[in-house]
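Each chain, written out:
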Number of protein chains: 2
Amino acid sequence: MTPQAPTPAYRRLGVEERRSQLIDAALSLFAHRAPDEVSPEDVAEAAGVSRPLVYRYFPGGKQQLYEAALRSAADELRHCFDEPREGPPLPRLSRALDRYLAFVDGHGPGFSALLQGGSVVETSRTTAVVDGVRRAAAEHILGHLEVTEPGPRLRMTIRMWITAVEAASLIWLDEDRLPPADELRDWLVEQFLAALEVTARRDAQTEALVRTLLTDA
Amino acid sequence: MTPQAPTPAYRRLGVEERRSQLIDAALSLFAHRAPDEVSPEDVAEAAGVSRPLVYRYFPGGKQQLYEAALRSAADELRHCFDEPREGPPLPRLSRALDRYLAFVDGHGPGFSALLQGGSVVETSRTTAVVDGVRRAAAEHILGHLEVTEPGPRLRMTIRMWITAVEAASLIWLDEDRLPPADELRDWLVEQFLAALEVTARRDAQTEALVRTLLTDA
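This structure is a prediction, so every number in the text was calculated from the model and none was measured.

When chain A is fitted to chain B, the residual RMSD is 0.0 Å, and the transformation amounts to a turn of 180° plus an axial shift of 0.0 Å. Accordingly, the operation relating the two chain copies is best matched by a two-fold axis. Of the interface residues in chain A, 100% have counterparts in chain B that sit at the interface too, so the contact is made through matching surfaces.

With that settled, the discussion passes to the pattern of salt bridges. All names here are of chain A. Across all of its chains, the model carries 28 salt bridges over all chains by this definition. When the shortest N-O distance is used, the salt bridge between Asp98 and Arg185 registers 3.0 Å. In this pair, Asp98 is assigned in helix H5 (residues 89-116) and Arg185 in helix H8 (residues 181-200), connecting sequence segments 87 residues apart. Residue Asp98 is classed as partly exposed on the basis of its relative accessible area of 32%.

Bringing the side chain of Arg92(A) into the picture now. Residue and element names in this part refer to chain A. Among the secondary structure elements, Arg92 is positioned in helix H5. Comment: no salt bridge for buried Arg92; closest opposite-charge side chain is Glu146, at 4.9 Å. A distance of 2.6 Å separates a polar side-chain atom of Arg92 from the backbone oxygen of Gly87. Beyond its immediate chain neighbours, meaning those up to four positions away, Arg92 contacts Glu83, Pro84, Arg85, Glu86, Gly87 and His144.

What follows concerns the interface of chain A and chain B. Each partner contributes residues to the interface: chain A has 36 residues there, and chain B has 36 residues. Taken as a group, Met156(A), Met160(A) and Trp187(A) account for 21% of the area that chain A buries against chain B, more than any other trio of residues on that side. For the interface between chain A and chain B, the tally reads eight salt bridges. A salt bridge links Arg155(A) to Glu175(B); its shortest N-O distance comes to 2.7 Å. Our count for the chain A to chain B interface comes out at 14 residue pairs in polar contact (both at pLDDT 80 or more). Contributions of two or more residues to the side of chain A that touches chain B are made by helix H7 (152-174) and H8 of chain A. Ranked by residue count, the leading element in the side of chain A that touches chain B is H7(A), at 14 residues.

Scoring rules and cut-offs
- Residues numbered from 1 in each chain as written.
- Chains lettered and ligands numbered in written order.
- Predicted model: local features only at pLDDT ≥ 70, side-chain atom pairs only at ≥ 80, totals over all residues.
- Heavy atoms only, no water.
- Least-squares fit on C-alpha atoms with pLDDT ≥ 70 in both.
- Contact = heavy atoms within 4.5 Å.
- Salt bridge = Lys/Arg side-chain N within 4 Å of Asp/Glu carboxyl O.
- Helix = DSSP H or I, 4+ residues; strand = E, 2+ residues; numbered from the N terminus.
- Buried < 20%, exposed > 50% of the residue type's maximum accessible area, 1.4 Å probe, protein only.
- Lys, Arg positive; Asp, Glu negative; His and termini not counted.
- Polar contact = N/O pair within 3.5 Å; in protein donor to acceptor, adjacent residues only side chain to side chain.
- Buried area = accessible area lost by both parts, 1.4 Å probe.

Spelled out as structure tokens, the structure:
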């Protein structure tokens, strides 16, 4: 996923770096406060820059900062799925979940706020970013399972599990991060396998997949 | 859930009836179009009333109509959970799911749009309505399971399943309502039991519950 653009000129690099710095500052604030409680002024203070500078980069103010932070978090989330296609698939899923839960843990309430839009108005644009991450997660899982043409039942099972993981991680944050991350991870992997096993009763493709997963495990 | 208010005076009843008529017209339009494609003019036409009349009831226009329709749909959804506490719990869950899927089927794309906010800006107010339905669903399920003090693991399992059902029904609409509703319903009930069985490995309360469910089934 490394960008293929030519090395940018000095000035452009400066612009991108500054932008990243401001987004990082916004994300660190979102980790403790809802998006609509984070003003461009707060971001300026956290980044140690002037208020007008923040507005120069984000003339749309709060909403634009929120969207930029959401996109940046979405990119980071996608990196959680970067797992080499080596060894049995379920331990790979465990490792991806470890990274995902570390991301959720690190971003704290900001993660919920980013996902749910907080009180900042949510637009179809931000919904599309979040849906893009969900779709990417489903594609990654199917890729690791070496399924190239998933049938509707298998696809539905995997998408349901992804939504359930999202719900679980929001609840986990609400419940003071209990159970511990490694226990939650194991439980989510077991839920994944159990959901596939239920689908396998009605779907030959899923049945074959479950057999492979249990053999490899 | 019958309102306990005294019988309203003639004029007030007329107002409420008119309001309901307009909301029903909006809901029937949402069943085929995204909320932001439904204008107060369309609602006026569908209800056979004048445009100014719609604006008199919904001066906030599109957004207010959307919120009123969402609240009305949320009330209807809650009625899906009205199931007598008689007989084994899993068939009760099946019957509630039948009503839920009939609701989803009847509202079609409007259901997705209502849940996801479509392109109409979503506010914390509309998010709270949708979350209220989810919470009510979880309470109903725990009530039917006769669990008065659910531990965090059991609660998380049930909330995850509710989110997964929501995701499944959105996908179901996308996939031309396949598999057939009764098959989807059985599969969702089996997913419910399987999710509880996974949790039961780590949680004594859930373990006891699963034992009861399997005995009653």
